[in-house]
Amino acid sequence: MTNRAQVEVDLSAIAANIARLKLHAGVPLLAVVKADAYGHGLIPVAKTAIAAGAQWLGVALLEEALAIRGAGITVPTIAWLVPPGSDYVSAIEAEIDLAVPSIMIFKEVSLAARSVKKRARIHIEVDTGMTRGGFLDEWESFLDLLVSNRNDVEIIGMFSHFARADEPGQVQNVAQLKRFIEMSDDLNRIGVEPEIHHLSNSAATLVDASAHFDLVRTGIAIYGLTPDLDHLGTSAHLDLKPAMRLRAKLHLVKEVLAGTPVGYGATAFTTSETKLGVVAMGYADGIPRIAQGAGVFVAGRRAPIIGRVSMDQFVVDLGRDSTAQAGDWVTVFGAGSEGEYTADDWGKASASINYEIVTRIGPRVPRIYKLATS
């Protein structure tokens, strides 16, 4: 195991967040564990989520769902980004629910189900205004197809996705909700009544009870991070507990004079005599190369980035009187409760969002788990 950098994941925080979200939702909860559980670890998080009361799991990719089944996890699991030509047979045999967003995929899934003589569990994905996944121009043709051709599938659900749920009060949210209900009515008119309807993401789960329907899909919030810092407030404001802390070692500490150039391109110069620390992580580990305005927490204080982030390391300005030494652990980001930078801080410093910061931490940084307590 590397002695250079590590991600610490507090599974107790994830369990607490799920318990809070379940109470808030009032309906069953699907824990979104795609992208290696937003960088936190697919299988440990999936097991924690189920133990904490999540009744469904959701992933983007079929291979993620198959990994869940391979770990012996049998709760209902939906994969919603399974393009034409995928191994639908394996999905059907593993009882993985599949999103169907097009006539082409519906036909391929139906054919796969027929080949193994087992009905496929599907969720009809509809485009209500995000203009990304789901039925839009093919909708009427798909309804006609369903009238006479649905013997090979079991229609478990119907779902869509909000584009601006993290902006409460936006008229697009109202329009999407209205369109979702209209498309549900279209299905009912041809005798199709899915068991569950799901539309809410983390933001809608927190702020829009009218969109909860039969199931909520919670992603970023179960990891203790706000869906939107500007419109919904901080994790603390939402009573969520960030689960990830990223730490790394100081590789070197050196004293330099004022006016010393730092990093590739000499894009930064020290403004006074100071100590610089070299942190043993870089953009190959997921530290954004463009980050400016973030840094690390070490020896009781923040130390901002100076210069460009390199592939395996970056430099921070420790300050002239810092007591930090080579070999010390620094906190790159955490909950912020001790003064450290947060994933939100790093998102802002990188012209991005907390989602990207946690999901981009690379596989060469090991995950260390603090187990959830029962």
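Just above, that's the structure.
Source: prediction; values computed, not measured.

Here we look at the layout of surface pockets
To find leftover empty space, one rolls a probe the size of a water molecule over the atoms.
Logical step 1: In this structure, the largest pocket occupies an estimated 770 Å³ of space.
Logical step 2: What lines the largest pocket is a set of 37 residues, and nearest its centre among them are Lys-34, Trp-80, Met-130, Arg-132 and His-161.
Logical step 3: Elements with a contribution of two residues or more to the lining of the largest pocket: helix 2 (34–38), helix 9 (202–207) and strand 9 (216–218).
Logical step 4: Residue classes in the lining of the largest pocket are distributed as 21 nonpolar, 9 polar and 7 charged.
Logical step 5: As a volume, the second largest pocket reaches approximately 240 Å³.
Logical step 6: Residue lining of the second largest pocket: 13 residues in total, with Asp-228, Leu-229, Ser-352, Ile-353 and Asn-354 positioned closest to the centre.
Logical step 7: Of all the secondary-structure elements, those providing two or more residues to the lining of the second largest pocket are helix 10 (229–232), helix 11 (343–349) and helix 12 (354–359).
Logical step 8: Broken down by element, the lining of the second largest pocket gets its largest block of residues, 3 residues, from helix 11.

Some words on the pattern of salt bridges
Logical step 1: Under the counting rule described, the total for this entry stands at 18 salt bridges.
Logical step 2: Here Arg-189 makes a salt bridge to Asp-186, at a shortest N to O gap of 2.1 Å. Of this pair, Arg-189 and Asp-186 are both found in helix 8 (residues 171–189), 3 residues apart, which corresponds to roughly one turn of the helix.
Logical step 3: Glu-356 serves as the salt-bridge partner of Arg-360, at 2.8 Å between the closest nitrogen and oxygen.

Here's the deal with the pairing of strand 13 (residues 274–279)
Logical step 1: Counting buried positions over the 6 residues of strand 13 gives 6, a clear majority of the element.
Logical step 2: Of the strand pairs in this sheet, strand 10 (residues 244–256) and strand 13 are connected by 6 bridges, and their pairing is antiparallel. Looking across to strand 13, one finds that Val-253 is bridged to Gly-277.
Logical step 3: The pairing of strand 13 with strand 16 (residues 314–317) spans 4 bridges and is antiparallel. Note on strand 16: the bridge partner recorded for Val-278 is Val-315.

Points about the sheet that holds strand 8 (residues 196–198)
Logical step 1: With respect to topology, 8 strands assemble into an open sheet ordered 8-7-6-5-4-3-2-9, the strand pairing being parallel. Two strands lie at the open edges of the sheet, namely strand 8 and strand 9, each paired on one side alone. Averaged over all pairs of adjacent strands, the angle between their axes in this sheet comes to 30°, without regard to strand direction.
Logical step 2: As defined by bridge partners, strand 4 (residues 77–79) adjoins strand 5 (residues 97–100) across 2 bridges and the pair is classed as parallel. The residue of strand 5 that forms the bridge with Ile-78 is Asp-97.

Procedures and definitions
Residues numbered from 1 in each chain as written. Predicted model: local features only at pLDDT ≥ 70, side-chain atom pairs only at ≥ 80, totals over all residues. Heavy atoms only, no water. 1 Å grid on protein atoms, 1.4 Å probe; cavity = no way out; pocket = protein on both sides within 12 Å on 5 of 7 lines; lining within 4 Å. Points joined across faces, edges and corners; volume = space filled by probe spheres on them. Helix = DSSP H or I, 4+ residues; strand = E, 2+ residues; numbered from the N terminus. Nonpolar A, V, L, I, M, F, W, Y, C, P; charged D, E, K, R; others polar. Salt bridge = Lys/Arg side-chain N within 4 Å of Asp/Glu carboxyl O. Buried < 20%, exposed > 50% of the residue type's maximum accessible area, 1.4 Å probe, protein only. Pairing = 2+ DSSP bridges. Axes fitted to C-alpha atoms, helices over the stretch in contact; angles between N-to-C directions.

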